[in-house]
Amino acid sequence: MRRLAVVVAVLLVVSMGAAAAAVVHHGELRRGYLKDGLLTVLVIGSDVGPPLRPGDPLRGRADAIHLVAVDTRALRATIVDFPRDAFVGGRKINGHLASGGPSRLEAAVERDTGIAVDFWVLATFRSLENLVAGIGGLDVVVDTPMRDPFSGSDFAAGPQRLDGPQALSFVRDRKSVPGGDFGRTRNQGSALRFAHAQIRRSHRSLPELVRLAGLFARNTATNIPPAELLPLALLAADIPAANVRQVPLGGTAVMRRGASTVLLAPGAAFADIRQGRVGP
Amino acid sequence: MAPWAAMRARLLSKRAIAAWVLVALATAGCQYANEPEPTPPPPDPGNPAPFALTIEHIELAPMANGGMFTGNEAAVPRAAAEAAVEATRAALARYLDTQFVDAATRFGQAGARALLRPGLFDTLTPEQRHALGHLDLPVSGVVTGPATGEATVLFDGGAAYAVSVDYEAKLTIHYRGTDRGHRVVQRGTVLFTAPTWGVESFALTLDVPPPPPSPSTTPTEASA
């Protein structure tokens, strides 16, 4: 009888073990542009777009410019934050969008960094609000108190969840953050990191990633082929948040042709990416 | 008056008879309707029916730009989305039948291979293959149960790009040499993607009670 009890107990354990967590397999990117295992995406925030600022978002000024580099094999990423006043491609970087659209901005970044950019993605004020609303708000950590009537920011320091308009003010405020535009640029990059961490944390199921791919497509302009949005979402969901490094670019502010510009001091940021050293 | 009265009486009598007949028929009909349906024959594990997979809910994830340039969101035609969901439902039902029902193929590789994108099966771990139903089991018969799912479809006005199906399929299996049925449940999500529409990603659990010990090691014999 004792042996019978042991056998039954073992069978129960085995049976319960079979009902454990789901076995997961995520598809892999197998695209031609990934021969070097490096995926690069230029993320652009335009200051034009209905309803707040009617016009063509692809011909606005780029108030947010971030280069995201992903090592698709090691699942690591680096986000490089460009100040909008950075002198890139022979002029202030934010003017390239207005003069020639996303491809001209992309070409300028490629020329000055030596990094080949695979895709660009562009969002507007309203589409950023929609994206944040679509993931149920954005969980951020505010470094220092922010209060700026122009952008609408009014945040105590610390972790908090922002709705769409609050997230917009978080990434627009340059008056009440240390470093002015440098601080704003850093907050924009942080918002990308926070969004990625939140997707990892709360939206990782396959149906959720399908929903997110639709949300992203509806609220951005991009040259990413539609069929590749979902594989990219799967890739993003597979990258641990701890494997994402943010590099806010510094530099020296100088007056050039009567305008305030920033001569970048990128350190090893661009060389690292060129040589495939991505992530923390 | 007497003949008229007699005729009237006769007519009344015929009407009365007709009424009685109608009442009797109606009563019989009601009784027939109230009778329990004939008990269907018990399912035959040796001749299982295919799964009748139904998609109970479709969530649309349109990709068309949501008013970023115009300020107005436009409705997106959903015909491509619905066609893609039906195609993936049929593919998933074929997989379930091949993987769990058909005597010649069940618990083998054929169902999973046909479901996945070409070449993917060979790269999977044993645990991943097990979750898909590739198991070495001494199964003698199967009775299919309910199979239901929900789909989320990524599409634009002209084409669909991906469909995820969150589903649960139940069946009862009979191990060789036993009479008792064992409940098997597969649940989780599979993701079909264009252009091949093979499954590229999945998150599945498969609950399968282990087969009974072979007769040579039954507890009774072991303890005897």
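Residues numbered from 1 in each chain as written. Chains lettered and ligands numbered in written order. Predicted model: local features only at pLDDT ≥ 70, side-chain atom pairs only at ≥ 80, totals over all residues. Heavy atoms only, no water.

## Let's talk about helix H3 (residues 125-134) of chain A
As a reminder, the rule being used: Relative accessible area decides the class of each residue, using a 1.4 Å probe on protein chains only: under 20% of the type maximum gives buried, over 50% gives exposed, and in between gives partly exposed. Numbering goes from the N terminus for both helices and strands, where a helix is a DSSP run of H or I of at least four residues and a strand is a run of E of at least two.
Burial in H3 of chain A covers these residues: Phe 125, Ser 127, Glu 129, Leu 131 and Val 132 of chain A. Backbone geometry just after H3 of chain A places Gly 136 of chain A at a positive phi near 80°.

## Overview of the packing of helix H4 (residues 164-172) of chain A against helix H5 (residues 181-202) of chain A
Residue and element names in this part refer to chain A. Stated formally: Axes here mean lines fitted to C-alpha atoms, for a helix over just the part in contact, with angles spanning 0 to 180 degrees between N-to-C directions. Any angle from 65 to 115 degrees is called roughly perpendicular, while one under 35 is roughly parallel, one over 145 is roughly antiparallel, and all others are oblique. Residue contacts follow a heavy-atom distance rule, with two residues in contact if any of their heavy atoms lie within 4.5 Å.
Viewed as axis vectors pointing N to C, H4 and H5 meet at an angle of 140°, and their least axial separation amounts to 7 Å. Accordingly, the angle class assigned to the pair H4 and H5 is oblique. In this structure, H4 contributes Phe 170, Val 171 and Arg 172 to the contact, and H5 contributes Arg 184, Asn 187, Gln 188 and Ala 191.

## What about the sheet that holds strand E12 (residues 221-222) of chain A?
Residue and element names in this part refer to chain A. The test is simple: Two strands pair if DSSP finds at least two bridges between them.
An order of E12-E7-E2-E3-E4-E13 is seen for the six strands of this open sheet, with the pairing classed as mixed. Bordering the open sheet on either side are E12 and strand E13 (244-248), each of which pairs with just one other strand. For strand E2 (residues 38-46) and strand E7 (residues 119-123), the ladder comprises five bridges, and the chain directions are parallel. Within E7, the position partnered with Leu 42 by the bridge is Trp 120.

## Structural notes on the pattern of salt bridges
Test applied: Each reported salt bridge corresponds to a side-chain nitrogen of Lys or Arg within 4 Å of a carboxyl oxygen of Asp or Glu.
Scanning the model with the defined rule gives 23 salt bridges over all chains in all. Between Asp 85 of chain A and Lys 92 of chain A there is a salt bridge, and its shortest N-O distance comes to 3.1 Å. The exposure class of Asp 85 of chain A is buried, given its relative accessible area of 12%. Notably, a salt bridge pairs Asp 207 of chain B with Arg 187 of chain B, separated by 3.4 Å at the nearest N-O pair. On the criterion of sequence distance, the pair formed by Asp 207 of chain B in strand E5 (residues 199-207) and Arg 187 of chain B in strand E4 (residues 181-193) is long-range, its members being 20 residues apart. Within this structure, Asp 63, Arg 84, Asp 85, Lys 92, Asp 181 and Arg 184 of chain A form a network of salt bridges that share partners.

## Here's the deal with the sheet that holds strand E3 (residues 160-175) of chain B
Spatially, E1(A)-E5(B)-E4(B)-E3(B)-E2(B)-E1(B) is the arrangement adopted by the six strands of the open sheet, whose pairing is mixed. Taken across any chain shown, the strands that pair with only one partner, and hence form the sheet edges, are strand E1 (23-25) of chain A together with strand E1 (53-62) of chain B. For this sheet, the mean inter-axis angle between neighbouring strands, taken without regard to orientation, is 15°. The strands that helix H2 (residues 79-101) of chain B touches are E1, strand E2 (139-155), E3, E4 and E5 of chain B; relative to E3 of chain B, the one it contacts most, it runs at about 25°.

## Overview of the pairing of E3 of chain B
Residues and elements named next belong to chain B. Counting buried positions along E3 gives twelve out of 16 residues, so the element sits mostly inside the fold. As judged from the 14 bridges shared by E2 and E3, these two strands associate in the antiparallel manner. Looking across to E3, one finds that Val 143 is bridged to Thr 172. In textbook terms, the turn of a hairpin is the stretch between consecutive antiparallel strands, and for E2 and E3 this stretch comprises four residues. Bridge analysis of E3 against E4 gives 13 bridges, and the strand direction is antiparallel.

## Thoughts on the nonpolar core
As a reminder of what qualifies: Residues enter a nonpolar core if they are buried and are Ala, Val, Leu, Ile, Met, Phe, Trp, Tyr or Cys, with the set joined through side-chain atoms within 4.5 Å.
Judged by nonpolar contacts, the single largest core of 48 residues is most densely connected at Leu 138, Phe 170 and Leu 230 of chain A together with Leu 154 of chain B. Setting aside residues no more than four positions away along its own chain, Leu 138 of chain A makes contact with Val 132, Gln 160, Arg 161, Leu 162, Ala 167, Ala 191, Phe 194, Ala 195 and Gln 198 of chain A. If you look at the next biggest cluster of nonpolar residues, it comprises 46 residues, including Val 85, Leu 135, Val 139 and Val 153 of chain B.

## Examining the interface of chain A and chain B
Defined as follows: As used here, buried area is the combined drop in accessible area, with a 1.4 Å probe, of two parts when they are placed together.
In this complex, chain A contributes 42 residues to the contact, which on the side of chain B involves 39 residues. Buried area between chain A and chain B, both sides added, is near 3200 Å², and the carbon and sulfur share of it is 67%. Of all residues in chain A, Val 23, His 25 and Arg 218 of chain A bury the most surface against chain B, accounting for 22% of the area lost on that side. Across the chain A-chain B interface, the total number found is one salt bridge. With its nearest N and O atoms 2.7 Å apart, the salt bridge here joins Glu 59 of chain B to Arg 211 of chain A. Residue assignment for the side of chain A that touches chain B shows that the elements contributing at least two residues are helix H1 (2-18), E1, E7, helix H6 (206-218) and helix H7 (226-238) of chain A. With eight residues, H6 of chain A is the single largest residue contributor to the side of chain A that touches chain B.

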